[in-house]
Amino acid sequence: MPVRPVASWPPLAGVAVVSAEMRGPPGNPPGHAGFPSPTARPPPSLGLVRSQSPARPRPLPSQPVRPVLRALTFQTVLQGPEGRPGCLPGTVAPAPGSGNVAQEQSALVGLAFRRRVAPVDAMAVSPALLFVDRNLLARKQNARLDRQNDLGWKLFGKVPLRENAQKDSKKIQKEYEDKAGRPSKPPSPKQNVRKNLDFEPLSTTALILEDRPANLPAKPAEEAQKHRQQYEEMVVQAKKRELKEAQRRRRQLEERCRLEESIGNAVLTWNNEVLPNWETMWCSRKVRDLWWQGIPPSVRGKVWSLAIGNELNITHELFDICLARAKERWRSFSTGGSEAENEDAGFSAADREASLELIKLDISRTFPNLCIFQQGGPYHDTLHSILGAYTCYRPDVGYVQGMSFIAAVLILNLDTADAFIAFSNLLNKPCQMAFFRVDHGLMLTYFAAFEVFFEENLPKLFAHFKKNNLTPDIYLIDWIFTLYSKSLPLDLACRIWDVFCRDGEEFLFRTALGILKLFEDILTKMDFIHIAQFLTRLPEDLPAEEVFASIATIQMQSRNKKWAQVLTALQKDSRDVEKGSPSLRH
């Protein structure tokens, strides 16, 4: 059966590309001049289309060899209703080798394109086929370039930015309308949600500086200019903040370096000049300035030991004896020994047992933020040993609340035995002994002396306290009992201890006046309850320099009389003392 030409094949709906045949010279029928005839080489059956190019036929010697091109042709394969591929809809695919060549060739076109390369004659290739071929390739290249341009909108992506990122808003609007095929309209609320975007803005900078992507309407020129100005303002403000932060860090670093340098120089001065010549140097003007600036931590313990002294002549052996006695009493109390064995110098076992229980309770409340004196901490046993040894050394005083803070500060700066020696001598000072032994007459004297200088330095605040009936014992007892180690930050308390070791008890009351002066404006606006609450619980972030600057303004002189002279004069007149602190009358 003769094969119909390609042009006479039945048309297929929706298919524009057909398979190209190899043609011989003009006027020769198929199978002539090197082309196999249908009977010699039947066309491939449906579903058995080879992807490889067929063997190139050898031309006859009499015919000239024409140049041969390889063109891209496309075929489709359909799945027919009978299960055989290549069948058109509504038809039955012919069986291979059935002889119906026209039906077999018409099944070479379908829905899904498959690409193969076939040698064709340059003069015989269909112009429509070449046009479609070039059109498809050009369209794919343009789509690839468009994807690269779209990805360039990502500010921090791996794809480089577009070279011409800044376009005219009207031009972008026109391009968008051309692609969409219609003028842009305001999106509806349902269309406002972006789905399947090809971009992802990684920062607000990209939204401000870059143009909108091609699939969105362009910004108006006024809006783009406004966003650009806002962005520039934000950048300027951010740079100012960064500059201020950098200046602050630089100042802190310079201050820290200056402080470290001053501490290093002070350590050399104390070790090389002051400590070797303590008796002659400790009261000099130069050393007094060093006291005020703060003793370096590395030499603080030695300086405190020398300043406190050892008037009681306590030795390390005496400390060992007192500690052994305290441990023996602890064991006897734990085993329930007789009361007669525990009595000594007229003090009952109940008093000693109460002191031991109070020591255990107070140790757990000593510098709880440090977590070094509580049960299981590294200094728990040391603090317990010093306090227990002191109760055996001074059974007439025993243990009083507040002693644990003083002993803890000494332990942080001295060895155990040296801390016990300094602790015992420090509590033996007149002011500390008056408070820890609860000598009401002497305590009233100290309060009256304090009020004299209070009225002299802070008359307005003094009158406000008198108006609210706020007496010094409400806030001074806690400060004096713990030497400010409980009420102030530890580093600030140590600096107060430095000057206290130099000036004695006078500086304790001068420090109290300095704290009142520092918060004078706040305290004058408070009532009795709020003043008492504030002074018994001071702020935890007090700067040391501000506190010492306030202390420096306090003058401990009243009517040409210093602290010691005023205190001595008040001790002679007990009536005036009782009038000064009526809350402590018997």
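The chain appears in an unreviewed UniProt entry as TBC1 domain family member 14 from Panthera tigris altaica.

### Focus on the overall build of the chain
From N to C terminus, the chain includes 25 helices and four strands. If you take every contact in the chain between residues at least 6 apart in sequence, the share linking residues at least 24 apart comes to 70%.

### Brief notes about the packing of helix α5 (residues 221–274) against helix α7 (residues 285–293)
Between α5 and α7, the shortest axis-to-axis distance is 12 Å and the interhelical angle comes to 140 degrees. Crossing angle aside, the handedness with which α5 passes α7 is left-handed. Between α5 and α7, the residues in contact are T269, W270, E273 and V274 and K286, V287, L290 and W291, respectively. Looking at the contact of α5 with α7 residue by residue, the classes come out as five nonpolar, one polar and two charged.

### Brief notes about the environment of D498
Among the secondary structure elements, D498 is positioned in helix α19 (residues 490–503). A relative accessible area of 0% means that D498 is categorised as buried. Here the alpha-carbon distance between D498 and G294, two residues 204 residues apart in the chain, equals 6.5 Å. When residues no more than four places from it in sequence are discounted, the contact partners of D498 are W291, G294, I295, R300 and W304. There is a polar contact of 3.1 Å between the side chain of D498 and the backbone nitrogen of I295.

### Brief notes about the environment of M556
Position of M556 among the secondary structure elements: in the loop between α23 (544–552) and β3 (557–558). Each C-alpha atom, one on M556 and one on F509, is 9.2 Å from the other, the two residues being 47 residues apart in sequence. Residues in contact with M556, not counting those within four places in the same chain, are F453, E506, R510, L513, K561, K562 and W563.

### Topic: the side chain of R502
Summarising the element assignment, R502 is placed in helix α19. Not counting residues within four places of it along the chain, the set of residues in contact with R502 comprises W282, R288, W291 and W292.

### With respect to the packing of helix α16 (residues 440–457) against helix α20 (residues 505–518)
Remark: α16 packs on α20, axes separated minimally by 10 Å, with the N-to-C direction vectors making an angle of 45 degrees. Of the possible angle classes, the one that applies to α16 and α20 is oblique. Relative to α20, α16 is oriented so that their crossing is right-handed. On the side of α16, the interface is formed by Y446, F450, F453, F454 and N457, while α20 contributes E505, F509, A512, L513 and L516.

### Describing the side chain of R394
By secondary structure assignment, the location of R394 is in the loop between α12 (380–393) and α13 (403–411). Of note is the side chain of R394, whose polar atom sits 3.0 Å from the side chain of D396. Setting aside residues up to four positions removed in sequence, R394 forms contacts with N428, M433 and R437.

Reading guide: rules and limits
Within each chain, residues carry numbers counting from 1 in the order of the written sequence. Local features in a predicted model are, by the rule used here, given only for residues with pLDDT of at least 70; side-chain atom pairs are given and counted only at 80 or more, and totals for whole chains, interfaces and linings are based on all residues. Each side-chain value is worked out from all heavy atoms of the structure, with water and hydrogens disregarded. Think of it this way: any DSSP run of H or I at least four residues long counts as a helix, any run of E at least two long counts as a strand, and we number them from the N terminus. Contacts are assigned to residue pairs that have any heavy atoms within 4.5 Å of one another. The axes used here are C-alpha line fits, helices contributing only the stretch in contact, and every angle between their N-to-C directions lies in the interval 0 to 180 degrees. Should the near helix be turned anticlockwise from the far one by less than a right angle, the crossing is left-handed, and should it be turned clockwise, the crossing is right-handed. Charged residues are taken to be Asp, Glu, Lys and Arg, nonpolar residues to be Ala, Val, Leu, Ile, Met, Phe, Trp, Tyr, Cys and Pro, and polar residues to be all remaining types, Gly included. With a 1.4 Å probe rolled over the protein chains alone, any residue whose accessible area is under 20% of its type maximum counts as buried; one over 50% counts as exposed, and the rest are partly exposed. Definition of a polar contact: a pair of N or O atoms within 3.5 Å, with one able to donate and the other able to accept a hydrogen when the atoms are protein atoms, and with sequence-neighbouring residues admitted only if both atoms are side-chain atoms. Geometric relationships in this document are graded by angle, where less than 35 degrees denotes roughly parallel, more than 145 denotes roughly antiparallel, 65 to 115 denotes roughly perpendicular, and other angles denote oblique.

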